[in-house]
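Fold and geometry: a report
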Amino acid sequence: MIGRLNHVAIAVPDLQAAAAQYRDTLGATVRPPQDEPDHGVTVVFIELPNTKIELLHPLGDDSPIKGFLEKNPSGGIHHMCYEVEDILAARGRLEAEGARVLGNGEPKIGAHGKPVLFLHPKDFNGCLIELEQI
Ligand code: CO
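Residues numbered from 1 in each chain as written. Predicted model: local features only at pLDDT ≥ 70, side-chain atom pairs only at ≥ 80, totals over all residues. Heavy atoms only, no water.

**A closer look at unusual backbone geometry**
Quick reminder of the rule: The helix count covers DSSP runs of H or I at least four residues long, the strand count covers runs of E at least two residues long, and both are numbered beginning at the N terminus.
The phi torsion at Asn 125 lies on the positive side, around 60°, for a residue other than glycine. Counting through the fold element by element, Asn 125 comes out in the loop between strand E8 (115-119) and strand E9 (129-133).

**Here's the deal with the coordination of the cobalt ion**
The condition is simple: Each metal's donors comprise the N, O and S atoms found within 2.8 Å of it (within 3.2 Å for Na, K or Ca). Water is not part of the atom list, so some coordination spheres may appear incomplete. Key to geometry: four donors with every angle between 85 and 135 degrees are tetrahedral; four donors are square planar and six octahedral where opposite donors lie over 155 degrees apart and all remaining angles lie between 65 and 115; all other sites are irregular. Exposure is judged per residue with a 1.4 Å probe applied to protein chains only, and the accessible area is read against the type maximum: over 50% gives exposed, under 20% gives buried, and values in between give partly exposed.
Donor atoms from the polypeptide that bind the cobalt ion are His 7 (NE2), Glu 54 (OE), His 79 (NE2) and Glu 130 (OE), placed at 2.0 to 2.5 Å. Here the cobalt ion binds four donor atoms, and the angle range of 86 to 172° at the metal identifies the geometry as irregular. Taken in chain order, the donor set of the cobalt ion reads H-x46-E-x24-H-x50-E. You can see Glu 54 sitting in strand E5 (residues 52-58) and its partner His 79 sitting in strand E6 (residues 76-84), a full 25 residues away along the chain. Taking the relative accessible area as the measure of exposure, Glu 54 reaches 4% and is therefore buried. His 79 sits in the buried class, given a relative accessible area of 3%.

**Some details on the pattern of salt bridges**
How we decide: The working definition used for a salt bridge is a side-chain nitrogen of Lys or Arg within 4 Å of a carboxyl oxygen of Asp or Glu.
Inspection of every chain in the model, using the stated rule, returns five salt bridges. In this structure, the salt-bridge partner of Asp 24 is Arg 23, at a minimum N-O distance of 3.2 Å. The class for Asp 24 is exposed, based on a relative accessible area of 56%. With a closest N to O distance of 2.9 Å, Asp 123 and Arg 100 form a salt bridge. With a gap of 23 residues between them, Asp 123 in the loop between E8 and E9 and Arg 100 in the loop between helix H3 (87-96) and strand E7 (108-109) connect regions that are remote in the sequence. A relative accessible area of 29% means that Asp 123 is categorised as partly exposed.

Right under this line is the structure:
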């Protein structure tokens, strides 16, 4: 059911410093910061030949990234995003298997303008999973 790895997201305490490190030290292609008010984050996408890295920084006071950075002050891997062809079919299969979809269970529009869902990390080996319909 899941397809390609779309991106790995890393929560970072200093978005500018992290973007500069990927650009200057690691020599990657770094996109400009994008505010995502619906998700409470500012993101910077790093384009790699086979996938993307999404640097996440809190936007607003009730950002879902805030608590993560309090627990991991120097940053850390926040989620993995896998591509699916049909997000509602994927949700049906996962719920039938007992997996928990976060939030109200309805897909939201993600950073790439495509529908996304998040799955409970406790159901997936401690890893928060994002599904993105391609
Ligand atoms: Co993501």
